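# Structural overview for review
Below, each chain spelled out in residue letters.
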Amino acid sequence: MSEEMRVTVERLGHRGDGIAEGPIYVPGILPSEVVEGVVDNGVMASPRIVTPVEDRVSPPCRHAKSCGGCQLQHASDAFVEGWKSDVVARALAAQGLETEQRPCTTSPAQSRRRAGFSSRRTKKGALAGFHAKASDVLIAVPDCKLVRPRLAAALPLAEALAVAGTSRKAELTVQMTDSEAGLDVSVTGGKIIDDDFRVTLAGIAQEYDVARLAWDEEVLTLRPPFQTFGSAQVVPPPGAFLQATQEGEAKLLACVTEALNGAKHMLDLFAGCGTFALPLARLGRVHAVEGSKEMVLALDKGWRMAEGLRHVTHEARDLFRNPLLPDELTRFDGVVIDPPRAGAEAQVTQLAKARIPRIAFVSCNPVTFARDAKILTSAGYRLDWVQTVDQFRWSTHVELVAQLTLAKS
Ligand SMILES: C[S@@+](CC[C@H](N)C(=O)[O-])C[C@H]1O[C@@H](n2cnc3c(N)ncnc32)[C@H](O)[C@@H]1O
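So, a few notes on the structure that sits alongside this text.

Conventions and cut-offs
Residues numbered from 1 in each chain as written. Predicted model: local features only at pLDDT ≥ 70, side-chain atom pairs only at ≥ 80, totals over all residues. Heavy atoms only, no water. Near = heavy atom within 4 Å. Polar contact = N/O pair within 3.5 Å; in protein donor to acceptor, adjacent residues only side chain to side chain. Areas by Shrake-Rupley, 256 points an atom, 1.4 Å probe, with all protein chains shown as cover. Nonpolar A, V, L, I, M, F, W, Y, C, P; charged D, E, K, R; others polar. 1 Å grid on protein atoms, 1.4 Å probe; cavity = no way out; pocket = protein on both sides within 12 Å on 5 of 7 lines; lining within 4 Å. Points joined across faces, edges and corners; volume = space filled by probe spheres on them. Helix = DSSP H or I, 4+ residues; strand = E, 2+ residues; numbered from the N terminus.

Below, the discussion takes up the site of the ligand. Surveying the vicinity of the ligand reveals 17 residues, the closest of which are Gln243, Phe270, Thr275, Glu290 and Leu319. For the ligand, an oxygen atom lies 2.6 Å from a polar atom in the side chain of Glu290. Within the contact set of the ligand, a nitrogen atom lies 2.9 Å away from a side-chain nitrogen or oxygen of Asp318. Within the complex, 86% of the 590 Å² of free accessible area of the ligand lies under protein. Among the residues making up the shell around the ligand, the classes are represented as nine nonpolar, four polar and four charged.

Quick look at the structure:
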């Protein structure tokens with residue numbers, strides 16, 4: 001049943017929608033704003049703003065209204081930073097944790113160096129971009145304010161790949177990373193590769209000056225697409241995890257380095273390709289553990305070619321099923337742990353027993369972070385501070401880094 005209503009939005013939901021009493025979901029509306037409109041099934045899809053708040057701003061990107069890539073362009077940076085810090089505070093409070101919360105730092109506009117575009121053939125050619133909000137409709141985003149200009153400028157490449165490699169029904173996922181040697185592109189969802197298509201892809205890679213092009217498992221490398229971690233240059237495997245912005249990575253690394261202050265034999269858990277392990281190897285020995293064998297091999301290769309680093313060892317290991325046990329952990333005096341969204345309950349349970357003096361905890365999910373941090377504080381660790389780091393500006397995604405130290409008994 002639909003009904004015309006006037007409501008006041010009370011809070012933001014985890015997808016960035018305003019929520020009024022009911023609950024009534026009001027997209028694009030901020031807390032304390034009064035709106036009117038038709039409510040259908042608990043959603044006011046087209047609200048008219050009666051009373052805007054001061055934190056409302058004009059979206060900086062001309063695609064914001066239709067594109068689903070960003071959720072919070074209508075809010076000031078100060079509002080978003082406060083909201084993200086609040087999300088962290090609530091997750092901590094739910095576990096009964098208290099600590100110093102440092103002010104959120106946000107990566108600038110046009111700084112995302114990795115993005116997953118979609119691309120599809122159309123009657124006239126092809127269209128590449130992001131999906132519209134909660135929809136499979138594709139929106140062209142040539143002036144996207146989120147990604148580095150080099151990525152936005154590469155949308156015609158994603159379109160050329162769709163023209164060459166899909167039927168009219170299929171949609172390509174084109175993951176692009178702006179490496180230091182040029183574009184690193186991984187494509188899935190297209191046709192099965194054969195000899196003719198291999199030649200076509202090589203031609204596209206040349207024409208668009210791509211450093212590396214992976215089509216499913218097939219990889220064409222024109223120049224190794226490297227990233228610099230400390231003094232090491234690493235070539236991640238196609239599609240591998242990389243911190244979303246260079247600025248965010250630098251902030252996380254500064255916090256991790258601070259948290260591990262004085263440690264000489266460090267452990268990097270969920271190490272990826274060495275984002276933290278390699279810069280930390282200037283300060284002491286590091287053992288890097290990561291689930292993907294290809295990623296630790298890339299890390300190792302980068303370490304071997306670099307100069308001035310202490311010894312870095314590595315291990316490919318599933319840390320959910322097979323966490324490091326206390327007798328493997330006690331030789332370290334500092335740990336950085338950076339798990340995926342699910343957190344690292346199994347590994348943290350073992351860490352709590354090993355009593356390593358310093359832990360730097362990086363997390364992309366405040367809820368699992370607080371759950372895992374509680375295991376550590378219950379075992380005698382102190383949660384010294386939490387820093388919210390926003391690499392995903394204008395989104396509802398929240399990341400943080402924290403320092404935990406063993407309280408002296
Ligand atoms: C958030 S990323 C962090 C990577 C790295 N610390 C960085 O900053 O680039 C999480 C990493 O955990 C790895 N991973 C996911 N599940 C895992 C598991 N069960 N065991 C070990 N590593 C896993 C992923 O491959 C990924 O590299």
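Glancing now at the layout of surface pockets. Within this model, the largest pocket holds a volume of roughly 960 Å³. If you go around the largest pocket, you meet 26 residues; those closest to its centre are Asp17, Pro27, Gly28, Gln71 and Lys133. Its residues assigned to classes, the lining of the largest pocket comprises eleven nonpolar, ten polar and five charged. In terms of lining, the second largest pocket is formed by 34 residues, of which the most central are Phe241, Asp338, Pro339, Pro340 and Cys364. Counting only elements with at least two residues in the lining of the second largest pocket, the list comes to strand S8 (114–121) and strand S21 (358–363). Ranked by the residues each element gives to the lining of the second largest pocket, the list is headed by S8, at three residues. When grouped by side-chain class, the residues that make up the lining of the second largest pocket number 17 nonpolar, nine polar and eight charged.

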